[in-house]
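Chains, contacts and geometry: an overview
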Amino acid sequence: MHDSGSMGLAGSAFDVPSGATREAFGDGFAVPGFDAVARLAAHSLHVPLVSLVLSTGSAFWFSADAHRPDSPHALHPRYLEATRQGQTQVVPDTEADTRFGGAPLLTDIGPTRMRFFASEPVYTLSGQHVGALCVMDYSPRDGLNESECADLRDAARLAGTGLVLGSYVGRIDPVTQLPHRNAFFEDLRARQRGGEHQAWLIAVDVAPVSRFSAFIRAMGHAYADELMRDVAARVQVWMPEHTHLYQVGTSRFAAILPGSADGIDAAWMDELVHRLRQPFDCLGIPLCVQPGVGLLSLDIDQLEGGDPLRLVMSASHAAQESVRGWATYEPSDDERHRQEFFLVTELAAALNERAELDLHYQPRVDLASGRCIAVEALARWQHPTQGAIPPGRFIELAEQAGLMRSLTEWVLDHGVAQLGLWQRAGLDLKLSINVSSSDLGTELIDRLREAAGRHAVALEALELEVTEGTLLEHSDTTREILAAIRALGVGIAIDDFGTGYSNLTSLREMPATSLKIDQSFVRGMEASPHDGAIVRSMTELARELGFRVVVEGVETASIFASVQGMACDEVQGYHLARPMPAAELPDWLARHDVARFRRPAG
Ligand code: C2E
Ligand code: MG
Ligand code: MG
């Protein structure tokens, strides 16, 4: 068994000086309690060397004697790989184990070879696999007995708690193991105390928030975590030595860079964006992100009272939409952000009180009969001081701020209640409502069922409109959710078709019932014969693929006349009716001249 003499320790006591551990990256961000955990493990398992190896590549070492690796990559890659399996590994003799082909356990510990190795996966409290606790010995062993196995497991559990603790106290992110925003500000203040006057801040946004959350829903948290680690690694390779990357948001990093107030090398910034735009191969699935890099020249003396992180983040946010992908902070961006922030807070309040929100309904007319067979519910927001805020503006904000689900829930409940009233008053109508990217979770299925049940409306009388863009950014999961909704009897329309660069055939795989041609082509029909031809061929193809075809944006009599001659089933647009408050619809329906809008026979 184990020969304690070979460890070069006096007796069985492990007299370890405090500070015997260190993180091999040397950047000083320790895992709280690791020292104690490692000492316990070393003591109970009688091993001279303990390491906490994180999935990020970072490693913390604890040694009971003088031999301690210098490099974070000291563990041979084959062993490192084994620790990533998420299972207990026991290698009684590293020189005899065929799995590792006689590879040395450690690559840089000098003349002494380690012969025994065991590792236990480390999980955070929420169950994320974040690394492994490894124990090593100079001499081979038979393995670990039951009580040693239990000791190793306990130590790994404690290490996981320490990692979480690190993030609770606001210093370390449990997924990327990067220091948090508190550490970022502490370090800025340390520079101020050290007499520095100028620094460049950068912020890196991985993807727009709505895209990132849609992506988490589609791919799962484990994939998102892995992606964040990969992105962090790419940024770190680009960063100058002795600078740190901080995690300042779920999908956002920041750093403090050296540089003179005159400027920063543009080619160097282009290089970062170029690197981040290369596809990531994450858990074997390739993915492109939409990075935005913001830059801010900071006068460190003016640190007090300002919020430089918020400013540089407004630049990174703006940069996401730009071709270049990076941008220096502009006060005008900040003003726009303040305004957006103001509106988001106001929208959240409006959703709570609901007094400022309303739905307007726009008729959809069937060309075969000339009748209005359905109405589309369109959200309206009347702000007490800002006036009417167009949906084009607040829908995007709701999506970004995570308010979309409550908005949709409100629209669904309000719209279906109204439909129930109309139906009971004898109006034969259906209702379509718009849903966004972040609505497409399994809860939507329940919401639909509940709303229809609550207001005694048949599910067949409802239709969801999903934009082509939303369908494109989604995956198999979306298809399954839409199929389940379809199975309830609810119709599904592909909205704004023609704007998303998809081909019709790929959309055919979606369980959609109708397709709405985007108004941008329709409105251009009068001026451009080209647009007319596009609309004609889109309608024909859509019908051939079995969709019910809806043309929206029919603004004038002449567009209406052209559309009547096309493979179109339904029309919607100002020429027929503008969206109107619920109270006006019955009158409009009574006045609606069916014969005028019916397609002439033959
Ligand atoms: P959409 O779903 O494509 O709705 C049609 C939009 O075109 C509506 O704009 C409607 O007022 C407008 N429109 C209809 N006919 C004509 C026409 O002949 N000419 C012109 N120029 N415009 C016409 P609105 O109400 O401003 O809504 C804009 C977009 O905001 C909607 O486009 C939809 O994507 C989104 N939206 C509105 N309400 C909701 C909602 O409750 N939830 C979600 N997720 N999105 C909504
Ligand atoms: Mg729509
Ligand atoms: Mg549309």
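Below is a short write-up of the structure. (Residues numbered from 1 in each chain as written. Chains lettered and ligands numbered in written order. Predicted model: local features only at pLDDT ≥ 70, side-chain atom pairs only at ≥ 80, totals over all residues. Heavy atoms only, no water.)

1. Points about the coordination of the magnesium ion (ligand 3)
- Taken together, Asp495 (OD), Asp496 (OD) and Glu552 (OE) make up the full set of protein donors to the magnesium ion (ligand 3), lying 2.0 to 2.3 Å away.
- Along the chain, the residues donating to the magnesium ion (ligand 3) are arranged with the sequence spacing D-D-x55-E.
- In this model, the magnesium ion (ligand 3) sits 4.1 Å from the magnesium ion (ligand 2), the two metals being bridged by Asp495.
- Exposure remark for Asp496: the relative accessible area of 24% places this residue in the partly exposed category. (Donors = N, O, S within 2.8 Å, 3.2 Å for Na, K, Ca; no water. Buried < 20%, exposed > 50% of the residue type's maximum accessible area, 1.4 Å probe, protein only.)

2. Side note on the packing of aromatic side chains
- Per the stated rule, a full pass over the model turns up 8 aromatic pairs.
- The structure contains a cluster of three or more aromatic residues connected by ring pairs, namely Tyr79, Phe100 and Phe117.
- Cation over ring: Arg141 sits above Phe116, and NZ or CZ is 4.9 Å from the ring centre. (Phe/Tyr/Trp six-rings, centres within 6.5 Å; stacked < 30°, edge-to-face > 60°. Lys NZ or Arg CZ within 6 Å of the ring centre and 35° of its normal.)

3. Focus: the site of ligand 1
- Around ligand 1, the structure places 24 residues, and the nearest of them are Asn434, Asp495, Gln519, Glu555 and Tyr574.
- At 3.0 Å from a nitrogen atom of ligand 1 is found a main-chain nitrogen or oxygen belonging to Ala379.
- Contact distances for ligand 1 include 3.3 Å between a nitrogen atom and a side-chain N or O atom of Arg523.
- About the coverage of ligand 1: the protein hides 85% of its 790 Å² of free accessible area.
- Elements with a contribution of two residues or more to the shell around ligand 1: strand E15 (372–383), helix H10 (391–400), helix H11 (404–424), strand E17 (430–435), strand E19 (491–497) and helix H16 (519–523).
- The biggest single contributor to the shell around ligand 1 is E15, with 4 residues.
- Of the residues that constitute the shell around ligand 1, the class distribution is 10 nonpolar, 6 polar and 8 charged. (Near = heavy atom within 4 Å. Polar contact = N/O pair within 3.5 Å; in protein donor to acceptor, adjacent residues only side chain to side chain. Areas by Shrake-Rupley, 256 points an atom, 1.4 Å probe, with all protein chains shown as cover. Helix = DSSP H or I, 4+ residues; strand = E, 2+ residues; numbered from the N terminus. Nonpolar A, V, L, I, M, F, W, Y, C, P; charged D, E, K, R; others polar.)

4. Some points on the sheet that holds strand E9 (residues 252–257)
- If you walk across this open sheet you meet the 5 strands as E8-E9-E7-E12-E13, and the pairing is mixed. Strand pairing shows two members of the sheet lacking a second neighbour, strand E8 (245–249) and strand E13 (326–328), which therefore form its edges. On average, each strand axis in the sheet is tilted by 25° relative to the strand beside it, whichever way the strands run.
- Two strands pair when backbone bridges link them, and strand E7 (residues 198–205) and E9 are joined in this way by 6 bridges, in the antiparallel orientation. Residue pairing in the sheet places Asp205 in a bridge with Arg252 of E9. (Pairing = 2+ DSSP bridges. Axes fitted to C-alpha atoms, helices over the stretch in contact; angles between N-to-C directions.)

5. Regarding the side chain of Ser438
- Inspection of the secondary structure assignment puts Ser438 in the loop between E17 and helix H12 (443–454).
- A polar atom in the side chain of Ser438 sits 2.4 Å from the side chain of Glu399.
- Among residues more than four places away in sequence, those in contact with Ser438 are Arg217, Glu399, Met404 and Arg405. (Contact = heavy atoms within 4.5 Å.)

6. Section: the packing of helix H8 (residues 308–319) against helix H9 (residues 331–353)
- Their axes nearest at 9 Å, the elements H8 and H9 cross at an angle of 95°. Put simply, H8 runs roughly perpendicular to H9. Residues Arg310, Leu311, Ser314, Ala315, His317 and Ala318 of H8 lie in contact with H9, whose contacting residues are Asp333, Asp334, Arg336, His337, Arg338 and Glu340.
- Of the residues contributing to the contact of H8 with H9, the split by class is 3 nonpolar, 3 polar and 6 charged. (Parallel < 35°, antiparallel > 145°, perpendicular 65-115°, else oblique.)

7. Some words on the pattern of salt bridges
- Within this structure, the stated rule accounts for 26 salt bridges.
- Ionic pairing is found between Arg364 and Glu463, a salt bridge with its closest N-O pair at 2.7 Å. You can see Arg364 sitting in strand E14 (residues 357–366) and its partner Glu463 sitting in strand E18 (residues 462–467), a full 99 residues away along the chain. Of the two residues, Arg364 and Glu463, both sit in the buried class.
- Across the pair Glu376 and Lys516 runs a salt bridge whose closest N-O atoms are separated by 2.9 Å. With Glu376 in strand E15 and Lys516 in strand E20 (residues 514–517), this residue pair connects regions lying 140 residues apart in the sequence. Like Lys516, Glu376 is buried. (Salt bridge = Lys/Arg side-chain N within 4 Å of Asp/Glu carboxyl O.)

As far as function goes, none of this settles anything; it's purely spatial.
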